[in-house]
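Close look at the chain arrangement
Below are the chains, spelled out letter by letter.
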Protein chains: 2
Amino acid sequence: MLSQRSKYALRAMTMLAAGKPGELVLVADIAKHRKVPRKFLELILLDLKKRGLLHSKRGKNGGYCLARPASKITFGEIVRITDGPLAPLACASLTAYRKCDDCEDEKTCSIRRVMRNVRDSAAAILDKVSLADTASKTR
Amino acid sequence: MLSQRSKYALRAMTMLAAGKPGELVLVADIAKHRKVPRKFLELILLDLKKRGLLHSKRGKNGGYCLARPASKITFGEIVRITDGPLAPLACASLTAYRKCDDCEDEKTCSIRRVMRNVRDSAAAILDKVSLADTASKTR
DNA sequence: GTATATGTCGACTAAACTGATCGGGATTCA
DNA sequence: TGAATCCCGATCAGTTTAGTCGACATATAC
C-alpha cells in the first residue's frame with residue numbers, strides 16, 4: 001500500500017498539472033484544495049523539487065509549478081520518489097536492485113521470478129501514465 | 001516492498017510445497033533450511049495455519065504441512081495474509097476495499113483509476129501462480 | 001529600505017509498525 | 001514419565017510515519 005506521503009504527492013501533482021503550465025501555485029492553496037496538512041506538504045514538495053519534478057520561487061508571489069510538461073512526468077517517478085522502488089523485493093527491482101541476503105541462487109529463485117513479473121507489470125502501467133493523462137479529468 | 005514476514009512466509013511455503021504432500025516438517029527444519037529466525041517463523045506459520053493454508057500436529061513427531069494441494073495455494077493468498085491487500089490504495093482494493101477519506105468522487109478520481117489497474121495486474125499474476133508452479137524448481 | 005509574503009530547513013514528537021526474542025504452557029508420542 | 005513439538009502472551013528495541021514548530025532566507029511591493 002502506498003504511504004500517505006505518496007498519496008499527498010500524487011494529489012498535489014495532479015493539481016499542478018491541471019493548471020496552466022508555469023503558473024505558480026501556493027503551498028497553502030494546494031494544501032487547502034487537496035486536503036493535505038500544510039507543513040507536511042511542504043516537506044513533500046521540497047523533496048519533489050530536489051528530484052527535479054518541480055520548480056519553485058520564493059518570496060512574495062512565489063509558489064510551485066511543474067518543472068516539465070505534465071506529459072513528461074509519470075506516476076512511476078512520483079511513486080518512486082515518495083515511496084521507493086515499485087518492486088515487491090529489492091532483488092527484483094531495476095532502479096534499486098539489491099541482492100537478497102539469504103538467497104543463494106537468484107537465477108532459480110521462483111519467488112524472485114514471480115515478483116519480477118509483478119514489478120514489470122506495475123512499471124508498465126506507472127511509467128506510462130503521465131500527469132497529462134489525468135489533467136483533463138481532475139478539474 | 002514486501003515485509004520480511006511475507007518473504008519468510010513465501011520461503012517456508014515453497015519449502016513445504018517441495019516435499020511430499022501431507023508429510024510433516026518441523027518448524028526448526030524450515031527455519032534452518034530457509035534461514036528464518038525460528039521463533040519469528042513460528043508466529044508466521046501459526047498465522048498461515050489460522051487462515052487455513054497449513055495443518056499442524058503438536059507433540060512428538062509433530063510439524064507442519066500444507067492444508068491443500070500446492071496447486072490450490074496461490075502467492076496472492078500468502079501475500080494478502082502476511083502483508084495485507086495487493087492494491088496500492090484501499091479504495092482500489094477488491095478484498096479490502098475502504099473508501100478514501102478525502103476523495104469526493106471516486107468515479108472520476110484518476111489516481112484511483114491508475115492504482116486499480118496496478119492492483120489488477122498484480123492480482124492477475126499473484127492469484128494465478130501457485131506453490132505447485134514453484135515446487136519443481138525449488139529443490 | 002522596510003514590510004510582508006513566501007519557500008526553506010532543521011529539530012522535534014507521538015504513535016504505530018516491524019522484526020524479533022523470551023519463557024513457559026499445552027499436547028502428543030514412546 | 002519425559003522428551004519433543006507446536007502454541008501463545010508479553011515484551012522490546014529500532015525504524016518509519018505522519019505531522020508540528022519555529023526560525024531563517026529571499027523576493028516583491030511600496
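Structural data are supplied above this passage.
What comes next is a walk through the structure. (Residues numbered from 1 in each chain as written. Chains lettered and ligands numbered in written order. Predicted model: local features only at pLDDT ≥ 70, side-chain atom pairs only at ≥ 80, totals over all residues. Heavy atoms only, no water.)

1. As for the overall build of chain A
Within chain A, the regular secondary structure consists of 6 helices and 2 strands. Reading chain A from its N end, one meets helices and strands in the order α-α-α-β-β-α-α-α. Looking at chain A as a whole, 47% of its 139 residues are labelled buried. A total accessible area of about 7400 Å² is found for chain A, and carbon and sulfur atoms account for 52% of it. Once the 28 positive and 14 negative side-chain charges of chain A are each reduced to a mean point, those two points are 10 Å apart. (Helix = DSSP H or I, 4+ residues; strand = E, 2+ residues; numbered from the N terminus. Buried < 20%, exposed > 50% of the residue type's maximum accessible area, 1.4 Å probe, protein only. Areas by Shrake-Rupley, 256 points an atom, 1.4 Å probe, with all protein chains shown as cover. Lys, Arg positive; Asp, Glu negative; His and termini not counted. Charge placed at Lys NZ, Arg CZ, Asp CG, Glu CD.)

2. Things to note about the interface of chain B and chain A
With 32 residues of chain B in contact, the opposing surface of chain A contributes 32 residues. Where chain B abuts chain A, roughly 2700 Å² becomes buried across the two surfaces, and 71% of that area is made up of carbon and sulfur atoms. Contact with chain A buries surface across chain B, with Met1(B), Asp102(B) and Ile111(B) losing the most and accounting together for 21% of the total. Here chain B is connected to chain A by 0 salt bridges. Inspection of the chain B/chain A interface yields 3 residue pairs in polar contact (both at pLDDT 80 or more). Secondary-structure elements contributing two or more residues to the side of chain B that touches chain A are α1 (4-18), α4 (75-83), α5 (110-126) and α6 (132-138) of chain B. Class assignment of the residues belonging to the side of chain B that touches chain A gives a composition of 18 nonpolar, 7 polar and 7 charged. (Contact = heavy atoms within 4.5 Å. Buried area = accessible area lost by both parts, 1.4 Å probe. Salt bridge = Lys/Arg side-chain N within 4 Å of Asp/Glu carboxyl O. Polar contact = N/O pair within 3.5 Å; in protein donor to acceptor, adjacent residues only side chain to side chain. Nonpolar A, V, L, I, M, F, W, Y, C, P; charged D, E, K, R; others polar.)

3. Let's talk about the relation of the copies chain B and chain A
The operation linking the two copies of the chain is a rotation about an axis combined with a translation along the axis. The transformation that overlays chain B on chain A combines an axial shift of 0.0 Å with a rotation of 180 degrees, and the residual RMSD is 0.0 Å. A rotation of that kind, with that shift, is consistent with a two-fold axis. Closest to the rotation axis within chain B is the C-alpha of Ser121(B), separated from it by 3.2 Å. Of the interface residues in chain B, 100% have counterparts in chain A that sit at the interface too, so the contact is made through matching surfaces. (Least-squares fit on C-alpha atoms with pLDDT ≥ 70 in both.)

4. Section: the protein's contact with DNA strand D
Within the structure, DNA strand D sits among 30 residues, and Lys39(A), Arg58(A), Ser56(B), Arg58(B) and Tyr64(B) are positioned closest to it. Of all DNA strand D atoms lying within 4 Å of any protein atom, the proportion belonging to sugar or phosphate reaches 74%. Glu42(B) places a polar side-chain atom, nitrogen or oxygen, 3.1 Å from a base nitrogen of DNA strand D. Mapped by element, the contributors of at least two residues to the surface near DNA strand D are α1 (4-18) and α3 (38-50) of chain A together with α3 (38-50), β1 (54-57) and β2 (63-66) of chain B. (Near = heavy atom within 4 Å.)

5. A short note on the protein's contact with DNA strand C
Lining the immediate environment of DNA strand C, one finds 28 residues, of which Lys49(A), Arg58(A), Tyr64(A), Lys39(B) and Arg58(B) sit closest. Sugar plus phosphate, as a fraction of atoms of DNA strand C within 4 Å of the protein: 72%. Val27(A) places a main-chain nitrogen or oxygen 3.3 Å from a phosphate oxygen of DNA strand C. In this structure, Ser56(A) approaches DNA strand C through a side-chain N or O atom, which is 2.8 Å from a phosphate oxygen. The set of elements that each furnish at least two residues to the surface near DNA strand C consists of α3, β1 (54-57) and β2 (63-66) of chain A together with α1 and α3 of chain B. By residue number, the principal contributor to the surface near DNA strand C is α3(A), which donates 5 residues.

6. Here we look at unusual backbone geometry
You will see that Lys35(A), though not glycine, has its phi angle at about 55 degrees, which is positive. With respect to the element layout, Lys35(A) can be found in the loop between α2 (27-34) and α3.

7. Examining the packing of α1(B) against α3(B)
Residue and element names in this part refer to chain B. The interhelical angle for the contact between α1 and α3, taken along N-to-C directions, is 75 degrees, at an axis separation of 10 Å. Taken together, the axes of α1 and α3 are roughly perpendicular relative to one another. Facing α1, whose interface residues are Arg5, Tyr8, Ala9, Ala12 and Met13, α3 presents Phe40, Leu41, Ile44, Leu45, Asp47 and Leu48. (Axes fitted to C-alpha atoms, helices over the stretch in contact; angles between N-to-C directions. Parallel < 35°, antiparallel > 145°, perpendicular 65-115°, else oblique.)

8. Thoughts on helix α2 (residues 27-34) of chain B
All names here are of chain B. Taken as a whole, α2 has its buried residues at Val27, Ile30, Ala31 and Arg34. Across the axial projection of α2, the buried residues extend over an arc of 100 degrees, all falling on one side. The exposed set on the far side of α2, more than 90 degrees from its buried face, consists of Lys32 and His33. (Arc of directions from axis to C-beta.)

9. Quick look at the packing of aromatic side chains
All names here are of chain A. Per the stated rule, a full pass over the model turns up 2 aromatic pairs over all chains. Taking 5.8 Å as the distance between ring centres and 85 degrees as the angle between the ring planes, the aromatic pair formed by tyrosine 8 and phenylalanine 40 counts as edge-to-face. Of the two residues, tyrosine 8 sits in helix α1 while phenylalanine 40 sits in helix α3, which places them 32 residues apart along the sequence. Relative accessible area serves as the criterion here: at 30%, phenylalanine 40 is assigned to the partly exposed category. (Phe/Tyr/Trp six-rings, centres within 6.5 Å; stacked < 30°, edge-to-face > 60°.)

10. Examining the pattern of salt bridges
In total, this model carries 16 salt bridges over all chains according to the counting rule given. With its nearest N and O atoms 2.7 Å apart, the salt bridge here joins Arg68(B) to Glu77(B). A salt bridge links Glu106(B) to Arg112(B); the shortest N-O distance between them is 3.9 Å. Connected via shared salt-bridge partners are Arg38(A), Lys39(A) and Glu42(A).

Purely spatial values, then, with no claim about function.
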